[in-house]
Amino acid sequence: MSLVRPQLEYSSTVWDPYQQGHIDMLEKVQRRVARYVMGKYRNRSSVGEMIQHLGWKSLKSRRKEARLSMMYKIVNNKVAIDPDEYFVKPSRRSRHMHHHAFAVPSATKDSREWSYFLNTIRDWNSLPPDIAASKSLEIFKSQDQVEPVFSDHLSYVTYFLSALAKSHKTGLTVRINDLDNSVTTSPPSPTTSPLSITTSQLFVTTTQSLAPTSTVPPPKDCKELYDRGQSSTGVYEIEISDSITKSVICDMTTQDGGWTVIQNRHDGTVDFYRTWSQYKNGFGSVETEYWIGNEAIYKLVSLYTSTKLYIEMEDWSSNIKYALYNQFILYSEVQDYRIYVSGYSGTSGDCIDYYDASFGGSKDKFSHNNMKFSTWDEDNDSHPSVNCGETMKGGWWYSECMASNLNGLYLASGTVDSTSMSCKTFGNDYQSLKRVKMMIKGVS
Ligand SMILES: [Ca+2]
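From a predicted model like this one, the values you see are computed outputs, not experimental measurements.

The rules behind each value
Residues numbered from 1 in each chain as written. Predicted model: local features only at pLDDT ≥ 70, side-chain atom pairs only at ≥ 80, totals over all residues. Heavy atoms only, no water. Phe/Tyr/Trp six-rings, centres within 6.5 Å; stacked < 30°, edge-to-face > 60°. Helix = DSSP H or I, 4+ residues; strand = E, 2+ residues; numbered from the N terminus. Buried < 20%, exposed > 50% of the residue type's maximum accessible area, 1.4 Å probe, protein only. Lys NZ or Arg CZ within 6 Å of the ring centre and 35° of its normal. Disulfide = S-S within 2.5 Å. Donors = N, O, S within 2.8 Å, 3.2 Å for Na, K, Ca; no water. Tetrahedral: all angles 85-135°; square planar, octahedral: opposite > 155°, others 65-115°. Axes fitted to C-alpha atoms, helices over the stretch in contact; angles between N-to-C directions. Parallel < 35°, antiparallel > 145°, perpendicular 65-115°, else oblique. Contact = heavy atoms within 4.5 Å. Nonpolar A, V, L, I, M, F, W, Y, C, P; charged D, E, K, R; others polar. Patch = residues over 30% accessible without salt bridge, like charges linked within 9 Å, V, L, I, M, F, W, Y side chains within 5 Å. Areas by Shrake-Rupley, 256 points an atom, 1.4 Å probe, with all protein chains shown as cover. Salt bridge = Lys/Arg side-chain N within 4 Å of Asp/Glu carboxyl O. pLDDT = per-residue confidence, 0-100. Pairing = 2+ DSSP bridges.

A word on the packing of aromatic side chains. Per the stated rule, a full pass over the model turns up 19 aromatic pairs. For the pair F87 and F117, a centre-to-centre distance of 5.6 Å together with 70° between the ring planes defines the contact as edge-to-face. One end of the pair, F87, is in the loop between α5 (83–86) and α6 (110–113); the other, F117, is in helix α7 (residues 116–125), with 30 residues separating them in the sequence. Of the residues examined, F87 reaches a relative accessible area of 5% and is grouped as buried. Residue F117 is classed as partly exposed on the basis of its relative accessible area, which comes to 22%. One aromatic cluster in this structure is built from F272, W276, Y279, F283, W291, Y337, F373, W396 and W397. Looking at R265, its charged tip hangs above the ring of F272, at a distance of 3.9 Å from the centre. Positioned over the ring face of Y331 is R338, at 4.1 Å from the centre of the ring.

Below, the discussion takes up unusual backbone geometry. For the peptide bond that leads from E400 to C401, omega is 5°, which places it in the cis range. As for its placement among the helices and strands, C401 is situated in the loop between α15 (388–391) and β11 (435–442). A positive phi angle, close to 55°, is found at N77, a residue other than glycine. Looking at where N77 falls in the secondary structure, it is placed in the loop between α4 (59–75) and α5. A relative accessible area of 56% means that N77 is categorised as exposed.

Below, the discussion takes up the state of the cysteines. Covalent bonding between the sulfur atoms of two cysteines defines a disulfide. Taken as a whole, this structure holds 3 disulfides when the rule is applied. Each disulfide pairs two cysteine sulfurs, and for C222 the partner residue is C250, the sulfurs being separated by 2.0 Å. Because the sign of the S-S torsion sets the handedness, a value of about -70° for the bond joining C222 and C250 places this disulfide among the left-handed ones. Note that C222 is positioned in helix α12 (residues 222–227) and C250 in strand β4 (residues 245–251), a separation of 28 residues in sequence.

Once that is clear, we can look at the coordination of the calcium ion. Donor atoms from the polypeptide that bind the calcium ion are D379 (OD), D379 (OD), D381 (OD), D381 (OD), H383 (O) and V386 (O), placed at 2.2 to 3.1 Å. Taken together, the 6 donor atoms coordinating the calcium ion and their angles of 45 to 151° define a geometry best described as irregular. Written as a sequence motif, the donor arrangement for the calcium ion is D-x1-D-x1-H-x2-V.

A separate point is the packing of helix α2 (residues 20–38) against helix α3 (residues 47–54). Contact geometry for α2 and α3: axes closest at 9 Å, N-to-C directions at 75°. The orientation of α2 with respect to α3, classified from their angle, is roughly perpendicular. Along its contact with α2, which presents Q30, R31, A34, R35, V37 and M38, the element α3 presents V47, G48, M50, I51, H53 and L54. Of the residues belonging to the contact of α2 with α3, the class tally is 7 nonpolar, 3 polar and 2 charged.

Further remarks concern a nonpolar patch on the surface. A cluster of nonpolar side chains, namely Y36, V37 and Y41, defines an oily patch on the protein surface of about 380 Å² accessible area. Mapping V37 onto the fold places it in helix α2. Residue V37 is classed as partly exposed on the basis of its relative accessible area, which comes to 46%.

Looking now at the confidence of the model for the protein chain. Overall, the predicted model of the protein chain reaches an average pLDDT of 82, with 80% of residues at or above 70. Throughout residues 166–172 the model reports pLDDT below 50, and contacts reaching past four residues in sequence, or to other chains, amount to 10 contacts. Low pLDDT, under 50, characterises residues 188–213; the stretch is placed with 17 contacts to residues that sit more than four places away or in other chains.

Attention now goes to the pairing of strand β9 (residues 320–330). Summarising the sheet, strand β8 (residues 307–314) and β9 pair through 6 bridges and their orientation is antiparallel. Paired with E312 across the strands is Y322, a residue of β9. Hairpin geometry of β8 and β9 is characterised by an intervening segment of 5 residues between the two adjacent antiparallel strands and by a positive phi of about 65° at S318. The sheet contact formed by β9 and strand β10 (residues 339–346) spans 7 bridges and is antiparallel. Within β10, the residue paired with I329 across the bridge is Y340.

This is the structure we're talking about:
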């Protein structure tokens with residue numbers, strides 16, 4: 001078997017039978033080997049259960065996986081086959097097609113219809129988008145690309161019950177007696193005895209319970225989501241670390257997409273005059289306005305060796321300007337979430353690493369670069385006599401005190417006040433802005 005099976009699988013790119021008779025004949029090879037391995041030759045022994053017990057997938061599934069792995073290699077230029085020669089992007093993308101789907105060429109003959117490329121493109125297009133966008137072949141292979149094929153009803157039920165038990169980490173082993181369909185579990189089920197489930201009930205429970213056991217881990221940030229093929233700006237759930245899960249807005253269109261929005265303000269519905277602990281953990285919501293939280297930002301930045309910061313601002317006359325920093329670092333709470341930015345470009349002017357030559361010196365007293373984060377209840381600013389967080393009514397990397405106050409008060413149109421949500425270089429000093437969005441993206 002171990003001699004024959006690899007040949008059958010690896011040759012599947014050139015020969016993968018599509019006629020049921022041929023498929024069954026190949027499957028018989030494996031069924032015979034199962035009897036041999038288990039040492040059970042009597043007719044009443046169920047081969048389906050043996051194969052299940054051995055954990056073997058059907059040869060048909062294994063061929064499909066081999067074909068898909070080859071397709072993955074071609075698509076990702078890991079073999080010397082030019083993907084452009086064989087795969088065409090669909091002219092129209094249906095709602096069900098994922099980002100990496102290809103057009104299926106038409107075929108008039110069965111032999112072409114079931115040839116490697118047509119057959120595999122169809123299978124490829126029906127893969128969950130996350131799997132098609134896997135970052136490496138190892139990850140791609142580790143996912144269940146094909147549904148298990150069952151030889152009979154009982155092996156199907158056994159599979160689902162064991163999967164269910166596994167998904168709940170109960171350590172429950174499920175056995176179904178071939179002869180009378182009775183179900184036994186070890187350890188014995190504490191709640192139901194005897195355990196009896198109808199097939200239709202099973203369908204309902206298993207489809208629902210199995211959904212969350214997807215092998216694709218949740219994304220850590222919007223960049224990861226973008227790399228998996230998600231290209232729509234919107235609200236997503238990200239798992240930044242074991243202890244931090246956030247609902248965030250992902251901007252998938254600005255500057256190549258993949259931006260995790262860490263601050264979003266546009267109507268003043270959320271109060272930003274908050275404590276250290278609130279700024280640490282985050283507040284507000286994706287439906288209104290929010291600050292994702294300093295700890296979350298610190299963890300997001302820690303995922304990469306380099307992270308960019310993008311600030312988009314709009315005034316009350318609908319002028320939209322931006323500041324992009326090629327490098328952004330937020331240090332840990334031990335360092336009071338100190339900020340570092342460099343590599344400014346944009347249209348708003350640099351109101352973070354602000355510098356006004358008329359003051360002289362190498363660093364401006366209003367610059368926020370390398371400053372610690374301050375709130376009204378944690379004065380870490382460089383002003384000897386003023387508690388900037390309290391006086392300027394926000395949480396920010398205040399110096400003496402600031403050139404920007406983007407977490408300041410949301411004031412009405414045209415208000416010029418140092419407490420307002422403002423950026424000194426945008427135009428008119430501390431004139432209140434209408435909308436601010438801050439977002440970050442890991443680059444390497
Ligand atoms: Ca102070």
